[in-house]
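Notes for the structure review
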Amino acid sequence: MNGPPPGREKADGRGPVLLALRALGLGDFATAVPALRALERTAPSWRRVLAGPPWYRDLLDLAGLSWEVLPTRPLAVPDRGSASPPDLAVNLHGRGPESTTALAALSPRVLWAFGRRTAAGREGPAWPSGVHDAEVWCRLLREHGTAADPTDLRWPRPVPTVCRPDTVIVHPGAAAPSRRWPVDRFARVARRLAGSGRRVVVTGSRQERSRAEAVAAEAGLGPGSVLAGRTGLVGLARLVAGAGLLVCGDTGVGHLATAYATPSVRLFGPVSPELWGPLVDRDSHRCLWAGRRGDPHSEHLDPGLESIGVEEVLAACAAVLGVPAPSPVPGEGPGPWRTVPPPGPRQGAG
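Below or above, wherever it landed, is the structure these notes cover. The model shown is predicted, which means the values in this text are computed figures rather than measured ones.

1. Some words on the overall build of the protein
- Helix and strand counts for the protein come out as 11 helices and 10 strands.
- Taking all contacts inside the protein whose residues are at least 6 apart in sequence as the whole, residues at least 24 apart take part in 67%.
- For the protein, the exposed area adds up to about 14,800 Å²; of that, 52% sits on carbon and sulfur atoms.

2. Side note on the nonpolar core
- Ranked by size, the top nonpolar core spans 52 residues in total, and within it Phe29, Trp67, Val90, Leu92, Leu141, Trp155 and Leu256 carry the most contacts.
- Residues contacting Phe29, with those up to four places away along its chain left out, are Arg22, Leu36, Leu50, Tyr56, Leu59, Leu60, Ala63, Leu65 and Trp155.
- If you look at the next biggest cluster of nonpolar residues, it comprises 31 residues, including Trp181, Val200, Ala216 and Ala219.

3. Re the environment of Gly304
- Turning to its location among the elements, Gly304 is positioned in helix α10 (residues 303–306).
- For Gly304, a relative accessible area of 2% corresponds to the buried category.
- When the C-alpha atoms of Gly304 and Ser178 are compared, they prove to be 9.7 Å apart, with 126 residues separating the residues in sequence.
- Not counting chain neighbours up to four residues away, the residues in contact with Gly304 comprise Ala290 and Arg292.

4. Examining the packing of aromatic side chains
- On inspection of all chains with the given rule, the structure shows eight aromatic pairs.
- Ring geometry for Phe29 versus Trp155: centroids 6.0 Å apart, planes at 85 degrees, classification edge-to-face. Of the two residues, Phe29 is situated in helix α1 (residues 26–42) and Trp155 in the loop between α4 (133–143) and β6 (167–171); the sequence distance between them amounts to 126 residues.
- With relative accessibility at 6%, the residue Trp155 sits in the buried group.
- Through successive ring pairs, a cluster of aromatic residues spans Phe29, Trp55, Tyr56, Trp155 and Tyr260.

5. Structural notes on α1
- In this model, α1 (17 residues) spans 24 Å end to end at C-alpha, consistent with the 24 Å of a helix rising 1.5 Å per residue.
- Where α1 bends most, the angle comes to about 45 degrees, and this point is Val33, followed within four residues by the proline Pro34.
- Counting buried residues in α1 gives 14 out of 17 residues, a clear majority hidden from the surface.

Cut-offs applied
Residues numbered from 1 in each chain as written. Predicted model: local features only at pLDDT ≥ 70, side-chain atom pairs only at ≥ 80, totals over all residues. Heavy atoms only, no water. Helix = DSSP H or I, 4+ residues; strand = E, 2+ residues; numbered from the N terminus. Contact = heavy atoms within 4.5 Å. Areas by Shrake-Rupley, 256 points an atom, 1.4 Å probe, with all protein chains shown as cover. Core = buried A, V, L, I, M, F, W, Y, C linked by side-chain atoms within 4.5 Å. Buried < 20%, exposed > 50% of the residue type's maximum accessible area, 1.4 Å probe, protein only. Phe/Tyr/Trp six-rings, centres within 6.5 Å; stacked < 30°, edge-to-face > 60°. Expected span 1.5 Å × (residues − 1). Bend = angle between axes of the 7 residues up to and from the residue.

See below:
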């Protein structure tokens with residue numbers, strides 16, 4: 001099929017409906033933006049509904065997208081009440097079968113999903129292993145005749161931004177313990193960056209506030225440096241958009257740095273940055289990764305992430321900022337040093 005099916009006006013006089021499922025987190029939303037933009041372009045007059053968490057409304061506004069949000073839990077059937085079936089349902093959530101089954105329960109006229117058996121008995125496109133997440137969803141659309149560019153990741157700059165360009169954001173949290181670099185190492189990085197004359201703030205969610213406070217306390221940062229739990233999603237976006245540097249793990253806030261072209265240093269553990277790192281502006285970002293793969297949901301710190309040392313992170317910060325590496329703090333020994341190869345070639349549109 002080339003593009004979406006012909007739209008039909010509903011009995012209530014409303015136009016055709018496109019429903020996409022993506023009920024995940026911040027980073028997952030960000031990597032789906034190129035596909036959502038492509039769907040907007042190919043169905044500009046359709047009613048577009050995104051099934052996902054209610055806070056996606058803020059993200060849609062930030063990304064400059066025009067979709068309604070249908071609050072939906074992961075892998076649950078989106079509750080459309082008595083509304084008629086969508087003309088087109090698109091699974092941007094996962095490889096299936098659970099997410100595809102949830103969309104199929106709505107009886108859409110047409111369903112786009114990986115591995116979906118069509119009415120003619122043919123299989124849908126196979127799941128593409130080993131490619132960036134943004135490319136995964138753009139490839140699904142291209143398989144159905146819809147042009148989509150996985151590098152279409154930039155977001156409009158929010159007005160106003162809320163920090164000075166010399167601000168460094170240190171974000172020590174991540175969803176799983178396997179992707180959380182140790183607090184004491186984040187603190188040593190924050191202390192050295194603050195000692196070089198930069199303003200350092202520590203961000204995170206309300207649940208991550210104690211971790212942020214521990215980083216700030218050990219780093220000797222001043223009052224008001226801990227913003228974890230105080231910014232909200234829109235506030236965090238404005239912070240990242242205006243900052244001079246973000247230092248974080250493999251977590252959603254890193255995708256905001258990609259969206260706003262904010263320089264970043266990102267620490268990867270069980271998952272390769274070729275799958276979840278920046279696809280654009282690679283000179284502005286450094287992704288440190290030991291080259292080992294593991295369980296991103298493990299309750300234990302990933303050995304590859306643990307092997308990344310403080311001096312290595314500081315050298316990456318200096319390289320991104322185009323300045324000499326900060327001098328060691330008196331009495332503080334250097335962390336373990338490894339040579340990190342430059343990022344690999346960008347995953348193409350394929």
